Amino acid sequence: MPERNDRPRGQRLILEPAQRSQLHRAQRRLLLRGGLSLGALAMISGCNMQDGDTFDKVLWAMSRWNDRVQGWLFNQNKLAATYQASQITDPFPFNAYYPEYSVPDIDLAAWKLEVSGMVADKRAWTLEDLRGLPQASQITRLICIEGWSAIGQWSGIPLKTFLQRIGADLSARYVGFKCADRYYGSIDMPTALHPQTILALDFGGAALPADYGQPLRLRVPTKLGFKNPKHIVAMFVTNTYPGGYWEDQGYNWFSGI
Ligand SMILES: Nc1nc2c(c(=O)[nH]1)N[C@H]1C(S)=C(S)[C@@H](COP(=O)(O)O)O[C@H]1N2
Ligand SMILES: [Mo]
C-alpha cells in the first residue's frame, strides 16, 4: 500500500508500484499545467477514488476532464482547412473496424433516419426528404488516428440546419449517432452547430458509395476520422454522455479542435 500522507484524505487507491509512479507523474503534470490536483480532478470528474478504484479508472476520469476543458475552449468560429479540387486524394482510403468486404449492404429504398431524444419532431427521414433540405459542400482533410490523412469532397445538410429543422434542444450537451454496422458515436453540441459539420449524402459529387458510408455519414472536419460515423441509421440529442465505438475502448472523446 502507498503511504497515506501524500494524498488528500479519502483517496485510497490500490496501486502497483509502477502505476504509483505513473500517477505521481500525472499529478505533477496536472499541478504544473493548471494548478489542478488529483483530488480536485476527482471531485470534478465524479471519480471518488475510493478503495477498488484502479489507475485505469483515474485515467478515464482525467480523459473525461480533458474533454470538458477542450469543449470549453472550443471556438465555433475556428474553421478546418479547405482545399482545391486538384488536391483531392484519389483513390480515397477506406477505413472501418472490419475489412472492405464486410461493408454493410443497405437497402436504400427502405432506409430511414430515425430521430429521438431532446427534439420536438421525431418523425423519421427518407433519403428523398433529406435531399430536399439545403445542402453545403466542402473539400476537407479526413485525418485518421492510425496515421494517414486524405482530402475529399463531401456534400450534405449542415447538421445545424437539420437540428433546427427537427426542433432539437440546442442547449443539450450531445448529439449521438447509431450506424448500420456496430459503430456508434457522439459529438458535443458546439461541434454539432459548427458551420463545417454536415450530414453528408454525397462524396466526390455523387451519392455516398458503400465504402464511404452509404447512404448518410457525419462529416466533421474539425475532428479525427473516427468521429465521422458512416452508415448512420439513427440520431439522438441528449444530456447523457453517449460515448462511441472507439471512445469506449480508450480513444479520447473530444479528439479535435
Ligand atoms: N459506421 C462506421 N463509421 C466509421 C468507421 C466504422 O468502422 N464504421 N470508422 C471510422 C474511422 S476510424 C475512420 S478513419 C473513417 C474512415 O472513413 P473513410 O472510409 O471514408 O475513409 O470512418 C469512421 N467512421
Ligand atoms: Mo480512423
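Residues numbered from 1 in each chain as written. Chains lettered and ligands numbered in written order. Predicted model: local features only at pLDDT ≥ 70, side-chain atom pairs only at ≥ 80, totals over all residues. Heavy atoms only, no water.

The protein goes by Molybdopterin-binding protein in an unreviewed UniProt entry, where it is assigned to Bordetella genomosp. 8.

Asks: Explain the packing of aromatic side chains residue by residue, including any values.
Replies: Tallied over the full model, the rule gives 18 aromatic pairs. Measuring from ring centre to ring centre gives 4.7 Å for Phe 203 and Tyr 212, while their planes differ by 45 degrees; the resulting arrangement is tilted. The exposure classification of Phe 203 matches that of Tyr 212, with both residues buried. The residue whose ring lies beneath Arg 64 is Trp 253, and the NZ or CZ to ring-centre distance is 5.7 Å. Residue placement shows Arg 123 over the ring face of Trp 125; its charged tip is 4.6 Å from the ring centre. (Phe/Tyr/Trp six-rings, centres within 6.5 Å; stacked < 30°, edge-to-face > 60°. Buried < 20%, exposed > 50% of the residue type's maximum accessible area, 1.4 Å probe, protein only. Lys NZ or Arg CZ within 6 Å of the ring centre and 35° of its normal.)

Asks: Lay out the site of ligand 1 with the relevant residues and their values.
Replies: Ligand 1 sits among 21 residues. The nearest are Pro 93, Asn 95, Asp 181, Arg 217 and Lys 230. Between ligand 1 and the protein, one listed contact pairs an oxygen atom with a backbone N or O atom of Pro 93 at 2.8 Å. Contact with the protein chains covers 99% of the free accessible surface of ligand 1, which is 540 Å². Its residues assigned to classes, the shell around ligand 1 shows 13 nonpolar, four polar and four charged. (Near = heavy atom within 4 Å. Polar contact = N/O pair within 3.5 Å; in protein donor to acceptor, adjacent residues only side chain to side chain. Areas by Shrake-Rupley, 256 points an atom, 1.4 Å probe, with all protein chains shown as cover. Nonpolar A, V, L, I, M, F, W, Y, C, P; charged D, E, K, R; others polar.)

Asks: Can you lay out the sheet that holds strand S4 (residues 174-179) for me, pointing to particular residues and giving the numbers?
Replies: The strands making up a sheet associate through backbone hydrogen bonding, with each pair oriented either parallel or antiparallel. Read from one edge to the other, the open sheet built from four strands follows the order S1-S9-S4-S5, with strand pairing classed as mixed. A strand with exactly one partner marks an edge of an open sheet, and here the two such strands are strand S1 (114-117) and strand S5 (184-188). Geometrically, the sheet is characterised by an average inter-axis angle of 20 degrees between neighbouring strands, direction not taken into account. Across four bridges, the pairing between S1 and strand S9 (residues 232-238) is parallel. Residue pairing in the sheet places Ser 116 in a bridge with Phe 236 of S9. (Pairing = 2+ DSSP bridges. Helix = DSSP H or I, 4+ residues; strand = E, 2+ residues; numbered from the N terminus. Axes fitted to C-alpha atoms, helices over the stretch in contact; angles between N-to-C directions.)

Asks: Explain the confidence of the model for the protein to me, and be specific about the residues and the numbers.
Replies: The predicted model of the protein averages 88 in pLDDT, with 84% of residues at 70 or higher. The model gives residues 1-11 a pLDDT under 50, and that stretch makes 16 contacts with residues more than four places away or in other chains. (pLDDT = per-residue confidence, 0-100. Contact = heavy atoms within 4.5 Å.)

Asks: Give me the lowdown on the pattern of salt bridges, citing residues and values where you can.
Replies: All chains considered together, the criterion is met by five salt bridges. We note a salt bridge from Arg 64 to Asp 67, for which the minimum N-O separation is 3.0 Å. Here Arg 64 and its partner Asp 67 are both found in helix H3 (residues 55-73), three residues apart, which amounts to about one turn of the helix. The partly exposed category is assigned to Arg 64, whose relative accessible area is 21%. (Salt bridge = Lys/Arg side-chain N within 4 Å of Asp/Glu carboxyl O.)

Asks: I'd like to hear about the side chain of His 231, residue by residue, with values.
Replies: Structurally, the position occupied by His 231 is in the loop between strand S8 (217-219) and S9. Residue contacts for His 231: discarding those within four places in its chain leaves Tyr 98, Val 103, Pro 104, Ile 106, Lys 178, Cys 179, Ala 180, Asp 181, Ala 210, Gly 213, Gln 214 and Leu 216.

Asks: Which residues make up the environment of Pro 134, and what are the values?
Replies: Tracing the chain through its elements places Pro 134 in the loop between helix H4 (127-131) and strand S2 (136-144). Sequence spacing of Pro 134 and Thr 161 is 27 residues, and the spatial spacing of their C-alpha atoms is 7.8 Å. The contact partners of Pro 134, leaving out residues within four places of it in the chain, are Gly 156, Ile 157, Pro 158, Thr 161 and Arg 165.

Asks: Hey, could you go over unusual backbone geometry for me, with residue numbers and the actual values?
Replies: Residues Asp 90 and Pro 91 are joined by a peptide bond in cis, for which omega reads 0 degrees. Among the secondary structure elements, Pro 91 is positioned in the loop between H3 and S1. Here Gln 214 and Pro 215 are connected by a cis peptide whose omega angle stands at -5 degrees. The topology assignment puts Pro 215 in the loop between strand S7 (206-207) and S8. The phi dihedral of Ser 255 falls on the positive side, at around 40 degrees, and the residue is not glycine. Tracing the sequence through the fold places Ser 255 in the segment after S9. For Ser 255, a relative accessible area of 10% corresponds to the buried category.

Asks: Please provide a residue-by-residue account of the side chain of Thr 197, values included.
Replies: Along the chain, the position of Thr 197 falls in the loop between helix H6 (189-192) and strand S6 (198-203). For Thr 197, a relative accessible area of 0% translates into the label buried. With sequence-adjacent residues up to four places away left out, Thr 197 is seen in contact with Ile 157, Pro 158, Leu 159, Ile 187, Thr 191, Ala 192, Leu 218, Arg 219 and Val 220.

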